[in-house]
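# What the coordinates show
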Amino acid sequence: MDRNLALELVRVTETAALACGRYMGRGEKDIADQAAVDGMRKAFSDVAIKGTVVIGEGELDEAPMLYIGEKVGTCRENDMEVDIAVDPLEGTNLIAKGLPNAIAVLAMAPKGTLLNAPDTYMRKIAVGPKAKGCIDLEASVEQNLKAVAKALNKDINDLTLIIQDRERHEDIIKEARKVGCRIKLFSDGDVATAIATCFEDTGIDIFMGIGGAPEGVIAAAAIKCMGGEMQGKIIPLYEEDAMRCEELGWTEEKREKLLTLDDLVNTDDVLFVATGATDGELLKGVTYLENNRAKTQSVVMRSKTGTIRFVDAIHKLDKNDALIETLAKHK
Ligand code: VTB
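Description of the structure in this document. Nothing here was measured: the structure is a model prediction, and the numbers come from that model. (Residues numbered from 1 in each chain as written. Predicted model: local features only at pLDDT ≥ 70, side-chain atom pairs only at ≥ 80, totals over all residues. Heavy atoms only, no water.)

## Quick word on the overall build of the protein
- Across its full length, the protein carries 11 helices and 13 strands.
- Taking 331 residues into account, the globule formula puts the C-alpha radius of gyration at 20 Å, and the protein, at 19 Å, falls close to it.
- When the backbone C-alpha atoms are referred to their principal axes, the protein occupies close to 55 × 45 × 40 Å.
- Residues counted as buried form 56% of the 331 residues belonging to the protein.
- A sequence separation of at least 24 residues applies to 71% of the contacts in the protein between residues at least 6 apart. (Helix = DSSP H or I, 4+ residues; strand = E, 2+ residues; numbered from the N terminus. Rg over C-alpha atoms; globule rule 2.2 N^0.38 Å. Buried < 20%, exposed > 50% of the residue type's maximum accessible area, 1.4 Å probe, protein only. Contact = heavy atoms within 4.5 Å.)

Right, here's the structure in full:
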């Protein structure tokens, strides 16, 4: 994929983050989400790709924009055909409450290479590059924690597990506490937190737990770029999830299969881009400056070269056409 697309795509997540940034703490998660979706959709129209959304806002009947199957980009004859996975606002609750780790995020890869995950749950485990090859989703929590501690040459008491604060994780938390591991609980947003394992200075060594399956594929794109490891398994938590899986061809047999990083993202040419909406482990959120300006921080990665770029940008809010249109709509 053309490397210049990486920077083009930064504009897309920047626009989504700027569109929803003003809703921080206003308790309106759906409005914030809609603004991010509108911003992202608008910004995509200038990108020279023939993109198909494979992970998006839902099916056509439930999402008017960025629905699964929607074509995005300029879609000209010679444009490259790509799969797009988006989450215009990953962590709608987070922005509504002004909590950390809300991001606007997307991944792009050659056509047919991103897993078409069902919109249900996934059991996940992720680590950074130094612990690659040491995890096994099917092994016990204790085995995984000990293996990762060994790989990182850390005492298990110094190892930090990050896991979503949910009742469904009680057993994992109990087992991790038993072996004396440190635990960081987070309320929402398991893309940013899974990726945090790949950045040593976050202090996060391992990510575990059950979160959204689509979010799993998006996180896997970043982890692939950074040389970390992730595994997943589709888990329908509720009865309607199981029905949904069957509907989408994710039969019980298919769900049994352990999904490796290559199953989640089946290419060595994936791009991952995210912009902070609220401050987080990895990125600063949108900050507003005097004279109608706002500052964003984004990260863009390419698995082909392994380059990780952080992009700080200052935007003149009254000079960015895609944004002006989106902001006017959401006044
Ligand atoms: C998960 C996680 C997301 O919402 O989907 C979670 O992957 C939903 O879990 O990052 P619950 O159903 O238990 O709330 C997020 O945290 C935010 O979208």
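## A word on the layout of surface pockets
- As a volume, the largest pocket reaches approximately 990 Å³.
- Around the largest pocket, the lining is made up of 39 residues, and of these Asp87, Glu90, Thr92, Pro214 and Glu215 lie nearest the centre.
- Sorting the residues of the lining of the largest pocket by element identifies helix 2 (29-44), strand 1 (49-55), strand 3 (80-90), helix 3 (92-97), strand 8 (206-212) and helix 7 (213-226) as the ones contributing at least two each.
- Sort the elements by how many residues they give to the lining of the largest pocket and helix 2 lands first, with 5 residues. (1 Å grid on protein atoms, 1.4 Å probe; cavity = no way out; pocket = protein on both sides within 12 Å on 5 of 7 lines; lining within 4 Å. Points joined across faces, edges and corners; volume = space filled by probe spheres on them.)

## So, the site of the ligand
- Surveying the vicinity of the ligand reveals the residues Glu90, Tyr121, Lys124, Gln164, Arg166, Arg168, Asp188, Gly189, Asp190, Gly211, Gly212 and Glu215.
- A distance of 2.7 Å separates an oxygen atom of the ligand from a polar backbone atom of Asp190.
- Protein contacts shield 78% of the accessible area of the ligand, which totals 420 Å² for the unbound molecule.
- For the shell around the ligand, the secondary-structure elements that each account for two or more residues are strand 5 (121-127) and strand 8.
- Among the residues making up the shell around the ligand, the classes are represented as 1 nonpolar, 4 polar and 7 charged. (Near = heavy atom within 4 Å. Polar contact = N/O pair within 3.5 Å; in protein donor to acceptor, adjacent residues only side chain to side chain. Areas by Shrake-Rupley, 256 points an atom, 1.4 Å probe, with all protein chains shown as cover. Nonpolar A, V, L, I, M, F, W, Y, C, P; charged D, E, K, R; others polar.)

## A few points about the nonpolar core
- Grouped together as the largest cluster of nonpolar side chains are 48 residues, with contacts concentrated most on Leu114, Ile195, Met230, Leu264, Phe272 and Met301.
- The biggest single contributor to this core is helix 7, with 10 residues.
- For Met301, the contacting residues outside a window of four places in its chain are Ile195, Phe199, Ala222, Cys225, Met226, Val270, Leu271, Phe272, Thr307 and Ile308.
- The next biggest cluster of nonpolar side chains, apart from the first, holds 45 residues, and it includes Leu5, Leu18, Leu271 and Ala294. (Core = buried A, V, L, I, M, F, W, Y, C linked by side-chain atoms within 4.5 Å.)

## Some points on the sheet that holds strand 6 (residues 160-164)
- If you trace the 5 strands from one edge of the open sheet to the other, you get 7-6-8-5-9, paired in mixed fashion. Looking along the sheet, the strands with just one partner apiece sit at the ends: strand 7 (182-186) and strand 9 (229-235). For this sheet the average axis-to-axis angle between neighbouring strands, irrespective of direction, equals 15 degrees.
- The sheet strands contacting helix 4 (residues 141-151) are strand 5 and strand 8, and the helix crosses strand 8 at an angle near 140 degrees.
- Each of strand 5, strand 8 and strand 9 is contacted by helix 7, which is oriented at about 20 degrees to strand 5, the strand it contacts most. (Pairing = 2+ DSSP bridges. Axes fitted to C-alpha atoms, helices over the stretch in contact; angles between N-to-C directions.)

## Looking at unusual backbone geometry
- Of note, the phi angle at Asn153 is positive, near 55 degrees, even though the residue is not glycine.
- Its location among the elements puts Asn153 in the loop between helix 4 and strand 6.
- Accessibility expressed as a relative area gives 71% for Asn153, which makes it exposed.
- Positive phi outside glycine occurs at Asn291, with the angle close to 60 degrees.

## Some remarks on the state of the cysteines
- Tallying each qualifying case throughout the model produces 0 disulfides.
- Of all cysteine sulfurs, the one in Cys225 lies closest to Cys198, which takes part in no disulfide; the gap is 9.7 Å.
- Note on Cys198: relative accessible area 13%, which makes it buried. (Disulfide = S-S within 2.5 Å.)

## Observations concerning the pairing of strand 3
- Burial within strand 3 is extensive, with 9 of its 11 residues counted as buried.
- With 6 bridges joining them, strand 1 and strand 3 adopt parallel strand pairing. Along strand 3, the bridge assignment pairs Ile55 with Ala85.
- Note: strand 3 against strand 4 (residues 103-110), 7 bridges, orientation antiparallel. Residue pairing across strands places Glu90 opposite Ile103, the latter belonging to strand 4.

## Quick notes on the packing of aromatic side chains
- Using the criterion set out here, one finds 3 aromatic pairs in the structure.
- The ring of Trp250 carries Lys254 above its face, with NZ or CZ at 4.2 Å from the centroid. (Phe/Tyr/Trp six-rings, centres within 6.5 Å; stacked < 30°, edge-to-face > 60°. Lys NZ or Arg CZ within 6 Å of the ring centre and 35° of its normal.)

## Focus: the packing of helix 2 against helix 11 (residues 321-329)
- It is at 9 Å that the axes of helix 2 and helix 11 come closest, and there the two elements cross at 155 degrees. On the basis of the axis angle, helix 2 is roughly antiparallel to helix 11. Note on packing geometry: the crossing formed by helix 2 with helix 11 is right-handed. Taken together, the residues of helix 11 that come into contact with helix 2 (itself represented by Ala35, Asp38, Gly39 and Lys42) are Ala322, Glu325, Thr326 and Lys329. (Parallel < 35°, antiparallel > 145°, perpendicular 65-115°, else oblique. Left-handed = near helix turned anticlockwise from the far one by under 90°.)

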